[in-house]
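Chain residues, written in single-letter form:
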Amino acid sequence: MIAGSLLTSLRQGPMTGGEMIPAAHEVSGGRVRLSVAGLFSTLDELVDADLIEAAPGDGGWPRPVYRLTSYGEEAIIPADRESLRLHGRLRLLTTRILVDVEVSVVSRPGHGGSI
């Protein structure tokens, strides 16, 4: 989930590590809370996997700026599609469960309810 949140954050454009911490928190709906150590170890893994690249920061600032590679862009698209597919299935299952619960509560014998 951490790597996915970082990759999704970088779809907004190049960022420093410090900018990615709140961005990953936001795109994950608050589920990802990164420490600096966790952030940079994950960024190193993503660089090694050629999903992102690090470039020197502007104005001689030593902090690198990270951006998606073309391979990273391609890796995100199928993940987004799968996420949307799973979200749709979850909504369908949730609706079915809620309907089943409502039907069983309404149609319980001896409670005067009927459908």
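Teacher, can you tell me more about the overall build of the chain here?
Along its length, the chain carries four helices and three strands. Helices and strands in the chain line up, N terminus first, as α-β-α-α-β-β-α. By the burial criterion, 25% of the 115 residues in the chain qualify as buried. Expressed as a percentage of contacts within the chain between residues at least 6 apart in sequence, the contacts between residues at least 24 apart total 40%. For the chain, the exposed area adds up to about 7,900 Å²; of that, 58% sits on carbon and sulfur atoms.

Explanation requested: the sheet that holds strand 2 (residues 52-55) in the structure shown.
What links the strands of a sheet is backbone hydrogen bonding, and the strands pair in either a parallel or an antiparallel sense. Reading across the sheet, the three strands line up as 1-3-2 and stay open at both edges, with antiparallel pairing between neighbours. One side of each edge strand has no neighbouring strand; the edge strands of this open sheet are strand 1 (15-16) and strand 2. Relative to strand 3 (residues 65-68), strand 1 is paired through two bridges, and the arrangement is antiparallel. Across the sheet, residue T16 finds its bridge partner in strand 3, namely V65.

Teacher, can you tell me more about the packing of helix 1 (residues 2-10) against helix 3 (residues 36-48) here?
For any two helices packed against each other, one specifies the inter-axial angle together with the distance between the axes. Across the interface, helix 1 lies against helix 3 with an axial gap of 10 Å and an inter-helix angle of 75°. With respect to each other, helix 1 and helix 3 are oriented roughly perpendicular. Of helix 3, the residues touching helix 1 (which contributes I2, A3, L6 and L7) are L39, T42, L43 and L46. Here the contact of helix 1 with helix 3 is built from residues that sort into seven nonpolar, one polar and no charged.

Honestly, the side chain of T16 in this entry has me stumped. Any pointers?
Tracing the backbone shows T16 in strand 1. If near-sequence neighbours (up to four positions away) are discounted, T16 is found in contact with P64, V65 and Y66.

Can you walk me through the environment of T8 in this structure?
Tracing the chain through its elements places T8 in helix 1. For T8, a relative accessible area of 32% puts it in the partly exposed group. T8 sits 16 residues away from A24 along the chain, and the two C-alpha atoms are 7.7 Å apart. Each residue touching T8, except ones within four places of it in the same chain, is listed here: V27 and I76. Here G4 takes part through its backbone oxygen, which lies 2.8 Å from a polar atom of the side chain of T8.

Would you mind showing me how to read the pairing of strand 3 here?
Sheet faces and side chains relate simply in a regular strand, where the side chains alternate between the two faces. In the sheet, strand 2 pairs with strand 3 via four bridges, with the strands oriented antiparallel. Directly across from E53, in strand 3, lies its bridge partner R67.

Even after reading the chapter, I still don't get the nonpolar core, so can you show me in this structure?
Within the largest apolar cluster, 17 residues are counted, with the highest numbers of intra-cluster contacts made by L6, L7, L10, M20, L43 and I52. Put simply, the parts of the chain that give this core at least two residues each are helix 1, helix 2 (17-27), helix 3 and strand 3. Not counting chain neighbours up to four residues away, the residues in contact with L7 comprise L46, L51, I52, L68 and I76.

Got a minute to help me understand the confidence of the model for the chain in this structure?
Detailed conclusions should not be drawn from predicted coordinates in areas where pLDDT is low. For the chain, per-residue confidence averages 78 on the pLDDT scale, and 66% of positions sit at 70 or higher. For the chain, helix 4 (residues 70-106) is the element with the lowest average pLDDT, namely 67, and strand 3 is the one with the highest, namely 94.

Calculation criteria
- Residues numbered from 1 in each chain as written.
- Predicted model: local features only at pLDDT ≥ 70, side-chain atom pairs only at ≥ 80, totals over all residues.
- Heavy atoms only, no water.
- Helix = DSSP H or I, 4+ residues; strand = E, 2+ residues; numbered from the N terminus.
- Buried < 20%, exposed > 50% of the residue type's maximum accessible area, 1.4 Å probe, protein only.
- Contact = heavy atoms within 4.5 Å.
- Areas by Shrake-Rupley, 256 points an atom, 1.4 Å probe, with all protein chains shown as cover.
- Pairing = 2+ DSSP bridges.
- Axes fitted to C-alpha atoms, helices over the stretch in contact; angles between N-to-C directions.
- Parallel < 35°, antiparallel > 145°, perpendicular 65-115°, else oblique.
- Nonpolar A, V, L, I, M, F, W, Y, C, P; charged D, E, K, R; others polar.
- Polar contact = N/O pair within 3.5 Å; in protein donor to acceptor, adjacent residues only side chain to side chain.
- Core = buried A, V, L, I, M, F, W, Y, C linked by side-chain atoms within 4.5 Å.
- pLDDT = per-residue confidence, 0-100.

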